[in-house]
Amino acid sequence: MASKVVPSSAHHTVKRELTVLTMSDHDIMNQIYATHVHGDEKFDVDSLFILVENILKRSTLIVDNVALGAQVHFENLEDKIPKASFKPPLCTLKKISSEMQCKAPGEEIAHKTTMSILNKLSSYSWDAKAVITLAAFALEYGDFWFVAKLYPSDELAKSLGNLKQVALLSRRPSLQKHLKALVELNNLIKVTLEVIECIFELEKLSIYDIKDVPALSIAMDRIPVDVYWAIISVVACATKMCDLTTNKDHVQELSPFAIKLNVVLNILKMQIKLCKHQIEAVESHRRIKKLLQTPTEVKEVFKVLIYAKDDIQPLIDGSTHRTVSIDVLKKKNVLLFISGLDISNDEISILKPIYDALRKEDHAVLSPIAGIRFIKEEWHFKNKPVIVVMNPQGKVECPNAIHMIQVWGMRAFPFTSTAEEALSNGRDWMGSIVTGINPNVHNWIKGEKFIFFYGGKDNEWVQHFTKRANALATDPVIKEARISIELLCVGKGSKGEVDHSILGHFWNRIDSFFFSKTHRKTEPDPVTHEINKLLSYKNESGWVVLCKGSSVVASGHGASILKVLEEFDKWKEHVRVKGFEVSFKHHHDKLLHTERQCCRVDIPLIAGKIPENMKCPECPRVMETFVSFKCCHVDGATNGLH
């Protein structure tokens, strides 16, 4: 039996036909961009699309009526109206229509025809290319079905219908033969129209800045490829229509184009949905910003922050778990507690005493809310809890009170920036940091005793310092001067064990004090300087803060403070004349001129607004900036350890 020989040219054609519909977006872009001239010839593309939409919607309804026997009430259709001054580019439409007529079926030929159309429309915008091509098809398709509608009753329509072979698609029994193909054609036209509608919608959304609507950039970059698939589908539809009216045996297959175009349509719809979601966030951001510039009522500000599109849902009273109206916020100071879903019990526990105290005096309502763009950009929310304080008029009194609450608790009430300023500038700031870490601290501070607060990563250094500090406290010179010195190793229990909870809370308060100061200050004051120093010791082998009562006398790296104690014999005589405080500080300052450790300050990126730069707490230089990553494998307060 003789084998069938396939010419090499046929192999090439088969290969090309297989690749046209499977070309990547990148390959398509490379081919079609060469056809585009960035002249963007101007004409009223909106009015042309209105006419095309009117023609195709009525034409496809006629087909539904003829093919499916559906009852169509054309009087219910409302046609859109183009501008009165609109003049269609008729010659261009006829040229494109001619380009699509009487083509042989096949994906390769459809591709070549599409490229030819793109070359002819090179100076038009991408959406205009698609609309002009569809309009050229609509001229023929609409005319065909208009004649088909009038065919039984109008003599002119009968003559035109005979020329156009209307009877083949509108009369039995030939209608039955082509019924499936006709429905398939009609559906692809509808999808093509929908794709071009989506492209138009994206073009209208392009008035927004891609910085605000990043999804728009991806969607707009895809438009040339989407236009290609719309045009090649129109070409395929034109070929199919020609095949049906000439009763050819070998006809254009539309299903591959329908599958591809439906994928394109779904992507476009998803992109538009995402763009609109991002645009809604932009508009919401603008509304909130405008409202907060001239607030009048806290309830109205709260509504804009919480609810999308006036979809007002009842609030939940956390103490009773009952729903309450938003009107409960009227004439109230409101604390907006904003957090992510992973809020820890330690973070919630900070707020409970505040919440209880405020409820007793009916000063405020606390309500967790969902984060939105405004909160992230204006209030620097980064998934760590934020408390925004608003007065009854909706004015923001403090963009984030969480830090002052962590440090001072109810002492900071009413949690305004003024209250925070007054508390953070006092000389007794250390008292707020160490409150609650040891039951004896309160009495030591009240008695104005000297207190060594110390700690570090190196247990050997901690033991050595403890020994030296105890020796200092019991030295005859100190006893003779009636100086009382106490020691507290932060984070150590009575049996010497590490208490991670206490240690975590201590450093969290230091962090909070740091952010409380840096969020409001541009130039560091003496308190900020001391806080920065203390924060730089978090990861050191040893650190010490010497206080008198709650006032800081000196703070430093473990090595320098330990040396002060080791050299007590060199400055002990000054204690009798100048006092312990002045003598200790003088000798420590003297050592700093000869010995200095590298200084490092770690700031969590999620903690809110980060200072652009920072001066070294040990010298006048600006510190270098590094990025590091950390995980303590735990949740809660222990995560404050570094």
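Here the focus is the overall build of the chain. When you go through the chain residue by residue, the secondary structure sums to 25 helices and 10 strands. Here the chain holds 642 residues, and the buried ones make up 47% of them. Considering only intrachain contacts with a sequence separation of at least 6, the fraction spanning at least 24 residues in the chain is 71%. For the chain, the exposed area adds up to about 33600 Å²; of that, 54% sits on carbon and sulfur atoms.

With that settled, consider the pairing of strand S10 (residues 551–557). Most of S10 sits inside the fold, with seven of its seven residues counted as buried. Bridge count between strand S9 (residues 543–548) and S10: six bridges; the pairing is antiparallel. The residue of S10 that forms the bridge with lysine 548 is serine 551. Here S9 folds back onto S10, and the loop between the two strands holds two residues, one of which, glycine 549, carries a positive phi near 65°.

Before going further, it helps to examine the side chain of glutamate 567. Looking at the element boundaries, glutamate 567 is found in the loop between helix H23 (558–566) and helix H24 (568–578). Exposure remark for glutamate 567: the relative accessible area of 14% places this residue in the buried category. If sequence neighbours within four positions are ignored, glutamate 567 has contacts with His587 and Leu591.

A few words now on a nonpolar patch on the surface. There is a patch of nonpolar side chains on the surface, built from Leu156, Leu160 and Leu163 and spanning about 330 Å² of accessible area. Among the secondary structure elements, leucine 156 is positioned in helix H7 (residues 155–164). Given the relative accessible area of 58%, leucine 156 is considered exposed.

Read across the open sheet, the four strands follow the order S8-S7-S9-S10; overall the sheet is mixed. Since the sheet does not close on itself, it has two edges, and those belong to strand S8 (485–489) and S10, each with one partner. Here the strands of the sheet are splayed against their neighbours by 15° on average, with no regard to which way each runs. Packed onto the sheet, H23 meets strand S7 (450–455), S9 and S10 and runs at close to 110° relative to S10.

Okay, the confidence of the model for the chain next. When pLDDT is averaged across the chain, the result is 80; 81% of the residues are at 70 or more. Of all secondary-structure elements in the chain, the lowest mean pLDDT belongs to helix H1 (residues 8–20), at 48, while helix H5 (residues 107–120) reaches the highest, 94. Segment residues 1–18 is flagged for pLDDT under 50; beyond a separation of four residues in sequence, or across chains, it makes six contacts in the model. This stretch, residues 636–642, has a pLDDT under 50; its non-local contacts, to residues over four places away or in other chains, come to 25 contacts.

Attention shifts here to the pattern of salt bridges. This model, assessed by the stated rule, comprises 18 salt bridges. A salt bridge links lysine 572 to aspartate 569; the nearest nitrogen and oxygen atoms lie 3.2 Å apart. Linking lysine 572 with aspartate 569, this pair stays in helix H24, spanning three residues, or about one helical turn. Residue classification places aspartate 569 among the exposed positions, given a relative accessible area of 60%. For the salt bridge of glutamate 573 with arginine 576, the shortest nitrogen-to-oxygen distance reads 2.8 Å. Separated by three residues within a single helix, glutamate 573 and arginine 576 lie in helix H24, roughly one turn from each other. Look at the salt bridges and you will find they share partners, linking Asp25, Arg222 and Asp226 into a network.

Before going further, it helps to spend a moment on the packing of helix H21 (residues 500–518) against helix H22 (residues 526–536). It is at 10 Å that the axes of H21 and H22 come closest, and there the two elements cross at 140°. With respect to H22, the element H21 is oriented oblique. Crossing handedness for the pair H21 and H22: left-handed. Of the residues in H22, those touching H21 at Trp507, Ile510, Asp511, Phe513, Phe514 and Lys517 are Val527, Thr528, Ile531, Asn532, Leu534 and Leu535.

Our next topic: the environment of isoleucine 451. Among the structural elements, isoleucine 451 can be located in strand S7. Sequence spacing of isoleucine 451 and serine 484 is 33 residues, and the spatial spacing of their C-alpha atoms is 8.5 Å. Among all residues touching isoleucine 451, those that are not within four sequence positions of it are Trp444, Ile445, Glu486, Val545, Leu546, Cys547 and Gly549.

The omega torsion across phenylalanine 413 and proline 414 is 10°, close enough to zero to call that bond cis. Along the chain, proline 414 falls in the loop between helix H15 (402–408) and helix H16 (417–424). The phi angle at glutamate 448 is positive, at roughly 55°, despite the residue not being glycine. As for its position among the elements, glutamate 448 is in the loop between helix H18 (441–446) and S7. Judged by relative accessible area, which is 45%, glutamate 448 ranks as partly exposed.

Conventions used here
Residues numbered from 1 in each chain as written. Predicted model: local features only at pLDDT ≥ 70, side-chain atom pairs only at ≥ 80, totals over all residues. Heavy atoms only, no water. Helix = DSSP H or I, 4+ residues; strand = E, 2+ residues; numbered from the N terminus. Buried < 20%, exposed > 50% of the residue type's maximum accessible area, 1.4 Å probe, protein only. Contact = heavy atoms within 4.5 Å. Areas by Shrake-Rupley, 256 points an atom, 1.4 Å probe, with all protein chains shown as cover. Pairing = 2+ DSSP bridges. Patch = residues over 30% accessible without salt bridge, like charges linked within 9 Å, V, L, I, M, F, W, Y side chains within 5 Å. Salt bridge = Lys/Arg side-chain N within 4 Å of Asp/Glu carboxyl O. Axes fitted to C-alpha atoms, helices over the stretch in contact; angles between N-to-C directions. pLDDT = per-residue confidence, 0-100. Parallel < 35°, antiparallel > 145°, perpendicular 65-115°, else oblique. Left-handed = near helix turned anticlockwise from the far one by under 90°.

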